[in-house]
Amino acid sequence: MTKPALLLSFTLLPLLASCAPLASLLTPREGGPAPRTAGPLTVGQTWTVSGQLEGSPVTATVAVPDLVSVSGGTATVGGLDQADAFSRGRPGFAVATYDGDRRVLNFEWIGNSGERYTCRLDTLLSLPYTGRLTRLQGTNVVTGPCQATVSQP
């Protein structure tokens with residue numbers, strides 16, 4: 001290598017080293033991109049929601065297979081699918097929604113007899129989150145406490 005080429009390579013060496021942090025940021029992470037999140041919800045999680053209504057325990061498991069934008073926030077299921085499931089009273093249907101503006105997390109599901117449950121959590125400080133459970137069956141409304149925690153991260 002000639003003396004000018006050697007000098008040029010030594011002067012460019014600091015420039016190449018300065019590119020290393022940028023290169024590491026542009027390199028894809030092992031395992032691909034991070035899963036999509038909305039507040040405390042992360043794609044791939046499973047949540048266990050439980051509560052008490054009229055002295056009886058109520059429990060549901062809500063999966064987070066995907067997160068999509070819906071009116072008023074982000075949900076595990078699109079708005080049309082939610083509307084269809086709740087209008088038909090499909091037992092076992094469950095959805096989680098997160099309103100980032102209000103910092104409110106809701107879990108809603110349909111029970112075996114077509115009753116509709118909602119666990120509204122508006123204090124998201126530490127797990128398990130606690131909130132208000134509501135059961136709507138016809139015109140009968142019953143409320144009680146509920147809690148939600150991640151059962152499958």
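Everything discussed here concerns the structure shown above.
So, here is what we can say about the structure in this document. Sequence order as written defines the numbering, with residues in each chain counted from 1. In keeping with the model being predicted, local features are shown solely for residues with a pLDDT of at least 70 and side-chain atom pairs are shown and tallied solely at 80 or more, while totals for entire chains, interfaces and linings include all residues. Hydrogens are left out, water is left out, and the side-chain values use all remaining heavy atoms of the structure.

In this description, the term disulfide denotes a pair of cysteine sulfurs within 2.5 Å. A full pass over the atoms with the stated rule returns one disulfide. Sulfur-sulfur distance for the disulfide between Cys 119 and Cys 146 comes to 2.1 Å. The chirality of the disulfide connecting Cys 119 with Cys 146 is right-handed, given an S-S dihedral of about 85°. Taken together, the positions of Cys 119 in strand β9 (residues 116–123) and Cys 146 in strand β11 (residues 140–152) put the pair 27 residues apart, joining distant regions of the chain. Residues Cys 119 and Cys 146 agree in their burial class; the two are buried. Strands are runs of DSSP state E lasting at least 2 residues, helices are runs of H or I lasting at least 4, and numbering of each runs from the N terminus. Exposure classes here rest on a 1.4 Å probe applied to the protein chains alone. A residue is buried below 20% of its type maximum, exposed above 50%, and partly exposed in between.

Attention now moves to the packing of aromatic side chains. Aromatic pairs are defined between Phe, Tyr and Trp rings, using the six-membered ring for Trp, whenever the two ring centres lie within 6.5 Å; interplanar angles under 30 degrees are classed as stacked, those over 60 as edge-to-face, and all others as tilted. Using the criterion set out here, one finds four aromatic pairs in the structure. Their ring planes at 45° and their centres at 5.4 Å tell us that Trp 47 and Phe 107 sit as a pair that is tilted. Of this pair, Trp 47 sits in strand β3 (residues 46–53) while Phe 107 sits in strand β8 (residues 104–110), and the two are 60 residues apart along the sequence. Here Trp 47 falls in the buried class, since its relative accessible area comes to 1%. Note on Trp 109 and Tyr 117: the rings are 5.2 Å apart at their centroids and 15° apart in plane angle, and the pair reads as stacked. Members of the aromatic cluster, each reached through a chain of ring pairs, are Trp 47, Phe 107 and Tyr 129. Ring-over charges, as used throughout, are those where CZ of Arg or NZ of Lys falls within 6 Å of the ring centre and within 35 degrees of the ring normal. Across the ring face of Phe 86, the terminal group of Arg 116 is positioned such that the distance to the ring centre comes to 4.0 Å.

The next subject is unusual backbone geometry. Trans is the common state for peptide bonds, and a negative phi is the common state for residues other than glycine. Of note, the bond from Leu 127 into Pro 128 is cis; its omega dihedral lies within 30 degrees of zero at -5°. The topology assignment puts Pro 128 in the loop between β9 and β10 (129–137). With a phi close to 50°, Glu 54 is a non-glycine residue in the positive phi region. The residue Glu 54 is located in the loop between β3 and β4 (56–63) in this model. Note on Glu 54: relative accessible area 62%, which makes it exposed.

Before going further, it helps to spend a moment on helix α2 (residues 79–88). Among all positions in α2, only Gln 82, Ala 85 and Phe 86 are buried. All buried residues of α2 project into a common sector of 90° when viewed along the axis, lining one side. Exposed and facing more than 90 degrees away from the buried side of α2 are Leu 80, Ser 87 and Arg 88. Remark: Gly 89 follows α2 within two positions and exhibits a positive phi of approximately 65°. Comment: arc refers to directions from the helix axis out to C-beta atoms.

Let's shift gears to the environment of Thr 48. Within the secondary structure layout, Thr 48 lies in strand β3. Accessibility expressed as a relative area gives 25% for Thr 48, which makes it partly exposed. Separated by 15 residues in sequence, Thr 48 and Ala 63 place their C-alpha atoms 8.9 Å apart. Should any heavy atoms of two residues lie within 4.5 Å, those residues are considered in contact. Beyond its immediate sequence surroundings of up to four residues, Thr 48 is in contact with Thr 59, Ala 60, Gln 147, Ala 148, Thr 149 and Ser 151. Nitrogen and oxygen atoms within 3.5 Å of one another constitute a polar contact, given that in protein one can donate a hydrogen and the other can accept it, and given that sequence-neighbouring residues count only through two side-chain atoms. Among the polar contacts listed, one links the side chain of Thr 48 to the side chain of Ser 151, at a separation of 3.0 Å.

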